[in-house]
Amino acid sequence: MKKAAIFDMYETLITLWNSKPYMGRELSEDIGIPESKFREIWDLTEDERTLGSKTLEEVLEQVLRVNNRYNVELHQNLVKKRIASKVEAFEHMHPDIIPMLQGLKDKNIKIGLITNCFNEERDAIRNSILFQYFDVVCMSCELGIKKPDQRIFELCIEQLEISPEDCLYCGDGGSKELEVAQRMNMLPVQALWYLKENSRQPVGRLSEFIGVQNPMEILEYF
Amino acid sequence: MLEVLRDKKVIFFDIGYTLDYPASGDWFFVNKFNEIAGNRLCDISSERIIEAGKKAMDYLEKNHLVKNEEEEMAQFIHYYSDISKLLNLNLSVQEIEAVAYDKTYNMDNYIPYSDVKDTIEILSKTFKLGIISDTWPGATRQLKLMGIEVFFSFLTFSCDIGVFKPDERMYIDALKKMGCKPEDAVFIDDVVINLEGAAKMGITPILITRENAPKAKAGFVTIKTLEELVK
């Protein structure tokens, strides 16, 4: 029987698909520049934003200045709307996510989170209703390491004070996370509940891993 | 037999997540695409992949009159080219064509639910059956390979009309082809807004939930499997 569960966040515990997006297209429209111009900096800095070496605020300021669009009010408005969209995602969770996490807590199972995220997503996660369930949180923008780098998994395992063999890892399969979990002798399971509802997940169904259709099935492993 | 069918003469079916589901978990990021591009997607955020998917769909949605599988494949070449550019996947022309070909012609991408063939056959003895689906021309091949095409009197595909459900033209086309009144028909779909569109036309909606938790608030007759129609 497993003693800990580690989860991915995006497209596992929450999905970006069920709420109104505020991404590249919307940001470039609000700035008033072609999306392609916006993406010259936005896409290029994605890695730095994921690893925490650049923040949302810094990159948006850079985009605005390079395109001669900078003013404080516009900058603040873009940041505010982007943050709001990340917060909104938590309002459209699968209805069984919290019951599942509570079920793990009731069984005294340790819960970890490993997520590749930007700083605005980190803040949304820390302020969300889900944050209280995590015993250990490993976020790429805080640690400067991102999946599939094994070190972020090792850090989480170390802080949970368990061995990998005692751990179930649940994710949608993006960033080769399930492969890493398997290599480390955790039990990897692919979260499929958002895959069914939505299109365009980072990966599709990975048949080599156990697939879980409903969050409550996770409890069967404990 | 399900009570709601008792005074009906016609049953219309959606295809995706009603009769079949995508083998890869996604209708567009098929296994061939994941095989070729999977490693390259590894470093890209979910957000960027989602955005690219939406943007690439724009072209498909704006050019949705598609006559045959050759045109369908051409559309998907465009789609995967867009995906490649938007995500800097650097897919070669050959790779894009291989994925588009696979998406169009490889029916292993579509897995029929286990209850479909037997249930459709049983229903065909009592009802006239039709399809109302947001799909491309290759869907006819899907129905043939499922062994059920022969049981359907008429097919309404979005690619023949150029619009998607819940546009009323989809339901009008289906009713006209079938020559039936709306109140004589039911429509089975997994998407609530599609059923609402049918209901507005006077067709009785049935929500099929398959793997999803039932949408209790939808207010429609709800089934989890097609078998429930005949039990």
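Residues numbered from 1 in each chain as written. Chains lettered and ligands numbered in written order. Predicted model: local features only at pLDDT ≥ 70, side-chain atom pairs only at ≥ 80, totals over all residues. Heavy atoms only, no water.

A. Fine view of the overall build of chain A. Helix and strand counts for chain A come out as eleven helices and six strands. Scaling as 2.2 N^0.38, a compact globule of 222 residues should have a C-alpha radius of gyration of about 17 Å, and chain A matches this with 18 Å. Counting across all 222 residues of chain A, residues that qualify as buried make up 58%. Put simply, 65% of the contacts in chain A that link residues at least 6 apart link residues at least 24 apart. Taking the average location of the 27 positive side-chain charges in chain A and that of its 37 negative ones, the two points are 2 Å from each other. (Helix = DSSP H or I, 4+ residues; strand = E, 2+ residues; numbered from the N terminus. Rg over C-alpha atoms; globule rule 2.2 N^0.38 Å. Buried < 20%, exposed > 50% of the residue type's maximum accessible area, 1.4 Å probe, protein only. Contact = heavy atoms within 4.5 Å. Lys, Arg positive; Asp, Glu negative; His and termini not counted. Charge placed at Lys NZ, Arg CZ, Asp CG, Glu CD.)

B. Fine view of the interface of chain A and chain B. Residue-level contacts link 31 residues of chain A with 32 residues of chain B. For the pair chain A and chain B, the summed buried surface comes to about 2,800 Å²; carbon and sulfur atoms form 48% of the total. Taken together, the links from chain A to chain B amount to seven salt bridges. Linking A:Glu46 and B:Arg48 is a salt bridge whose minimum nitrogen-to-oxygen distance equals 3.6 Å. Seen at the junction of chain A and chain B, the total is eight residue pairs in polar contact (both at pLDDT 80 or more). At the level of elements, helix 1 (24-31), helix 2 (35-42), helix 5 (72-88) and helix 11 (193-197) of chain A are the ones that each hand at least two residues to the side of chain A that touches chain B. When grouped by side-chain class, the residues that make up the side of chain A that touches chain B number ten nonpolar, six polar and 15 charged. (Buried area = accessible area lost by both parts, 1.4 Å probe. Salt bridge = Lys/Arg side-chain N within 4 Å of Asp/Glu carboxyl O. Polar contact = N/O pair within 3.5 Å; in protein donor to acceptor, adjacent residues only side chain to side chain. Nonpolar A, V, L, I, M, F, W, Y, C, P; charged D, E, K, R; others polar.)

C. Structural context of the side chain of A:Glu26. Residues and elements named next belong to chain A. Here glutamate 26 shows up in helix 1. This buried residue, glutamate 26, is left without a salt bridge; arginine 25 holds the nearest opposite charge, at 5.3 Å. Of the polar contacts made by the side chain of glutamate 26, one reaches the backbone nitrogen of methionine 23; its length is 2.8 Å.

D. Focus on the pattern of salt bridges. Under the defined criterion, the tally for this structure stands at 35 salt bridges over all chains. For A:Asp123, the salt bridge identified is with A:Arg122, shortest N-O distance 3.0 Å. Among the residues examined, A:Asp123 registers a relative accessible area of 29% and is labelled partly exposed. Residue A:Asp149 is joined to A:Arg151 by a salt bridge in which the shortest nitrogen-to-oxygen separation is 2.7 Å. Residues joined by salt bridges that share partners form a network here, namely A:Glu35, A:Arg39, A:Asp43, A:Glu46, B:Arg48, B:Glu51 and B:Lys55.

E. Representation of the sheet that holds strand 2 (residues 110-115) of chain A. All names here are of chain A. The six strands lie next to each other as 3-2-1-4-5-6, forming an open sheet whose pairing is parallel. One side of each edge strand has no neighbouring strand; the edge strands of this open sheet are strand 3 (136-139) and strand 6 (210-212). Sheet twist, expressed as the mean angle between neighbouring strand axes with direction ignored, is 25°. Sheet topology places strand 4 (residues 167-171) next to strand 5 (residues 187-191); four bridges connect them, and they run parallel. Counterpart to tyrosine 169 in the pairing with strand 5 is proline 188. Contacting strand 1 (4-7) and strand 2, helix 6 (residues 97-106) runs over the sheet at an angle of about 155° to strand 1. (Pairing = 2+ DSSP bridges. Axes fitted to C-alpha atoms, helices over the stretch in contact; angles between N-to-C directions.)

F. Up close: the packing of helix 3 (residues 69-86) of chain B against helix 4 (residues 93-105) of chain B. All names here are of chain B. Two numbers describe how helix 3 lies on helix 4: the axes approach to 8 Å, and their chain directions differ by 135°. Between helix 3 and helix 4, the angle is such that the two are oblique. Along this stretch, helix 3 crosses helix 4, giving a crossing that reads as right-handed. Here helix 3 contributes Glu69, Glu70, Glu72, Met73, Phe76, Ile77, Tyr80, Ser81 and Ser84 to the contact with helix 4, which in turn contributes Ile96, Glu97, Val99, Ala100, Tyr101, Lys103, Thr104 and Tyr105. Residue composition of the contact of helix 3 with helix 4, grouped by class: nine nonpolar, three polar and five charged. (Parallel < 35°, antiparallel > 145°, perpendicular 65-115°, else oblique. Left-handed = near helix turned anticlockwise from the far one by under 90°.)

G. Seen up close, the sheet that holds strand 4 (residues 128-133) of chain B. All names here are of chain B. If you trace the six strands from one edge of the open sheet to the other, you get 5-4-1-6-7-8, paired in parallel fashion. Among the strands making up the open sheet, the edge pair consists of strand 5 (152-157) and strand 8 (221-223). For this sheet the average axis-to-axis angle between neighbouring strands, irrespective of direction, equals 25°. Relative to strand 8, strand 7 (residues 204-208) is paired through three bridges, and the arrangement is parallel. Across the sheet, the residue bridging to isoleucine 206 is valine 221, located in strand 8.

H. Geometry of the packing of aromatic side chains. Inspection of every chain in the model, using the stated rule, returns 17 aromatic pairs over all chains. Both rings, one in B:Tyr21 and one in B:Tyr113, keep their centres 5.0 Å apart while their planes meet at 40°; by these two values the pair is tilted. A residue pair is termed long-range when its members are at least 10 positions apart, and B:Tyr21 in strand 2 (residues 20-22) and B:Tyr113 in the loop between strand 3 (110-112) and helix 5 (116-124) qualify at 92 residues. Between B:Phe29 and B:Phe33, the aromatic rings sit 4.5 Å apart at their centres with planes inclined by 40°, giving tilted as the arrangement. For the pair formed by B:Phe29 and B:Phe33, the shared burial category is buried. Here a set of aromatic residues connected by ring pairs shows up, and it is made of B:Phe28, B:Phe29, B:Phe33, B:Phe76, B:Tyr79, B:Tyr80 and B:Trp136. The cationic tip of A:Arg65 hangs over the ring face of A:Tyr70; the distance from NZ or CZ to the ring centre is 3.8 Å. Here B:Lys103 stacks its cationic end above the ring of B:Phe28, 5.1 Å away from the centre of that ring. (Phe/Tyr/Trp six-rings, centres within 6.5 Å; stacked < 30°, edge-to-face > 60°. Lys NZ or Arg CZ within 6 Å of the ring centre and 35° of its normal.)

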